[in-house]
Amino acid sequence: MDVEAVLALAPDRQVATGATKLAVPASWHGAGRAEGALWGECSGSGKNPYLVCVDLLDRATRCSCPSRKFPCKHAVALQLLHAREVLPEAARPEWVEQWLTGRRARQTEAARRPAKPTKRREQAVRAGISGLHDWLADLADGGLAALPGKETQWWQGIFARMIDAQAPGVAAATAELRSVVAAKRPRWYEEAADHIGRLHLLAVLATGEDEVVRTRIGFTTTEEEVRAGESWSDDWVVLLRADSDDGRVRTVRQWAWGRARAEWVVVAKHAAGGAVPAPALTPGAELAAVLHPYPGGRPRRVAVGEVSGTGPAGPIPLPRTWSAALAEVEPLLVEDPWQRLVPLCCGPVRAARAGDQLVLVDESAYPLPVAWGQPLARALAAGGGAPFDALGLWDGVALQLCAVAEPGGAPEVLL
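Residues numbered from 1 in each chain as written. Predicted model: local features only at pLDDT ≥ 70, side-chain atom pairs only at ≥ 80, totals over all residues. Heavy atoms only, no water.

With an unreviewed UniProt entry as reference, the protein chain is termed SWIM-type domain-containing protein, source organism Kutzneria viridogrisea.

This is the structure we're talking about:
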C-alpha cells in the first residue's frame, strides 16, 4: 500500500494526523516484517511501549493502547512507516506469533463451520415474505395512482414488518419505493413500476436457495468467512465510485477492473453515526492485490486482502459502441436483476444534446443519456469537446460518469 491508501484506513482525520506524527523511526523500537505481518513497539505516554502488529492478509490490526478507535493511530503509523521505508525482515516475536496463530485458527474454524441462518430466522423470513405478497396484492388493487395518497403508517407498516421478519434487504426496497413516490418526478410511475416488479420477483423467488436472492433478502456472510474462503489475485484498476446515505449509514462503493479475470468487482465501506467511510481502495490506482469474493451475483462484492503493489491506472479494454457495452451488461442484470448500478464503459464518445437531454454519442452515432454534474463538467472542460473514452455507472436511465481517458489512454478518475 502507498501512503495515501494507508491514510485512507484511518477512521477519522484525528487518527490520520496522529499517525502521521508517529510514523518516524524515532517513535519505534523493534519494528520489523515477515511474510504476512508487520510489528513494532511504539513509545507512548506510559512507562511501557505499545505493542502493535498488522496482519497483511486483510490489514487487521492489534495494539495494546487503550484507544477505542479501529485502527488506532499507532497501527496506522506502523503501516505508514512501512509504506515510506520498507521495514527490515526479521523473525516474528512471540507475541506477534501468538496473535497471528490465533487469527488463522479462528479463520480456519469459520471455514469449517460456516454460519447458517437459524431455523427460527428462516421461518421469520418466510412469514415476512407471505406478508409482502399480501401487501403487493393490496397495492395492485389500488393501482399506481393511489400510491401518492397512501398514509405514512401504510408505508411504515410494511417496512417494520420486514425488519421484524429479519429481511432488511426487502425493507430497504420498500423504503426505496416510497422515496420514488414521494419525489414526484415527472415519470415517477415508471420508476415505481420498476421497483414494484423487482419486489414481486424477489417475493416469488424468496423460498429458493439462490445466493443472489438470499443476499438481496438480507442474509449475510461475515467478512471473516469470506477471507477464509476463495481468493483472487490480480492487478485491479480502481476507477468507479458511488456514495450513498440512507440517513442511518453512509456507504462508499468502488468498482475495480481485474486485468486477468476481465471482470469488475465492487468493494463497499460503511460508516454509521454521521461518520464518513474512507474508500477501501486508492481511487485511480492499479493495485496488485488479493481480493476475497462474497456470495452473490456479478459484479461480485469482495473483501480486500493483501495489497502487494500499487501504481497509476493504465488503460483497460473498452467496447467501441454503446450497443456492445449494453450487451455486456445484460448477463449481469439477468443474474442479479435487483442491482441499481452496473459498470458501463465505451470509447471514444462525444457529448451532445438530444432535445433537453445530454447524451454521449458513440462512433456508430448511438446516443446514451448521461447525468449532468461536476464529473461531466470536468470532462468537457478538460477535453474541450474532443472525443473521449467514458467510464461510469448505468442506473437504467442515465450514465453517471466516473472516469475519462483520451481514446485508448490511461483513465483519469473524476469521482
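1. A short note on the nonpolar core
Counting residues in each nonpolar core, the largest one holds 29 residues, and the members touching the most others are Leu132, Trp135, Val170, Leu177 and Ile217. Residue assignment for this core shows that the elements contributing at least two residues are helix 5 (119–142), helix 6 (152–164), helix 7 (168–183), helix 8 (188–205) and helix 9 (211–217). If you look at the next biggest cluster of nonpolar residues, it comprises 24 residues, including Ala19, Trp28, Leu56 and Leu87. (Core = buried A, V, L, I, M, F, W, Y, C linked by side-chain atoms within 4.5 Å. Buried < 20%, exposed > 50% of the residue type's maximum accessible area, 1.4 Å probe, protein only. Helix = DSSP H or I, 4+ residues; strand = E, 2+ residues; numbered from the N terminus.)

2. A short note on the side chain of Gln79
You can see Gln79 is positioned in helix 3 (residues 73–84). Here the side chain of Gln79 touches Ala75 through a polar contact of 3.2 Å, landing on its backbone oxygen. Aside from chain neighbours lying at most four places away, what touches Gln79 is Val6, Leu9, Leu38, Val54, Arg59 and Thr61. (Polar contact = N/O pair within 3.5 Å; in protein donor to acceptor, adjacent residues only side chain to side chain. Contact = heavy atoms within 4.5 Å.)

3. Overview of a nonpolar patch on the surface
Together, Leu201, Val204 and Leu205 make up an exposed nonpolar region whose accessible area comes to about 220 Å². Taking the relative accessible area as the measure of exposure, Val204 reaches 44% and is therefore partly exposed. (Patch = residues over 30% accessible without salt bridge, like charges linked within 9 Å, V, L, I, M, F, W, Y side chains within 5 Å. Areas by Shrake-Rupley, 256 points an atom, 1.4 Å probe, with all protein chains shown as cover. Salt bridge = Lys/Arg side-chain N within 4 Å of Asp/Glu carboxyl O.)

4. Observations regarding unusual backbone geometry
A negative phi angle characterises most non-glycine residues, just as the trans form characterises most peptide bonds. Here the residue pair Arg298 and Pro299 is connected by a cis peptide bond, since its omega of -5° sits within 30 degrees of zero. Cis geometry is found at the peptide bond from Gly347 to Pro348, where omega equals -5°. Residue placement: Pro348 occurs in strand 10 (residues 342–354). In the Ramachandran plot, Gln166 falls in the positive-phi region, its phi being about 60° despite a non-glycine side chain. With respect to the helices and strands, the residue Gln166 is situated in the loop between helix 6 and helix 7. Positioned with a positive phi, Ala262 is a non-glycine residue whose angle comes to about 55°. Note on placement: Ala262 falls in the loop between strand 6 (249–258) and strand 7 (263–272).

5. Focus on the sheet that holds strand 11 (residues 357–361)
With antiparallel pairing, the six strands of this open sheet are ordered in space as 12-11-10-13-14-15. Strands at the two margins of the open sheet, each flanked by one partner only, are strand 12 (367–369) and strand 15 (412–413). Bridge analysis of strand 10 against strand 11 gives five bridges, and the strand direction is antiparallel. When the sheet's bridge partners are listed, Ala352 is paired in strand 11 with Val359. Where helix 12 (residues 374–383) meets the sheet, its contacts fall on strand 10, strand 11, strand 14 (399–405) and strand 15, and the angle it forms with strand 14 comes to roughly 35°. (Pairing = 2+ DSSP bridges. Axes fitted to C-alpha atoms, helices over the stretch in contact; angles between N-to-C directions.)

6. Quick word on the environment of Glu94
Here Glu94 shows up in helix 4 (residues 94–112). Glu94 gets classed as exposed once you look at its relative accessible area, which sits at 60%. The spatial distance from the C-alpha of Glu94 to the C-alpha of Cys63 is 15 Å, given a sequence separation of 31 residues.

7. Overview of the environment of Leu239
Mapped onto the fold, Leu239 is located in strand 5 (residues 232–245). Judged by its relative accessible area of 2%, Leu239 is buried. Residues Leu239 and Ala91 lie 148 residues apart in sequence; the distance between their C-alpha atoms is 38 Å. Not counting the four nearest positions on each side in its chain, Leu239 is found in contact with Trp255, Trp264, Ala313, Ile316, Leu391, Cys402, Ala403, Pro411 and Val413.

8. Concerning helix 11 (residues 322–335)
Its 14 residues place the ends of helix 11 20 Å apart at the C-alpha level, agreeing with the 20 Å of an ideal helix rising 1.5 Å per residue. Largest kink in helix 11: about 25°, centred on Val329, with the proline Pro331 one to four residues after it. If you check which residues of helix 11 are buried, you get Trp322, Ala325, Val329 and Leu332. Contact partners of the buried residues in helix 11: strand 10, strand 11, strand 12, strand 13 (388–394) and strand 14. (Expected span 1.5 Å × (residues − 1). Bend = angle between axes of the 7 residues up to and from the residue.)

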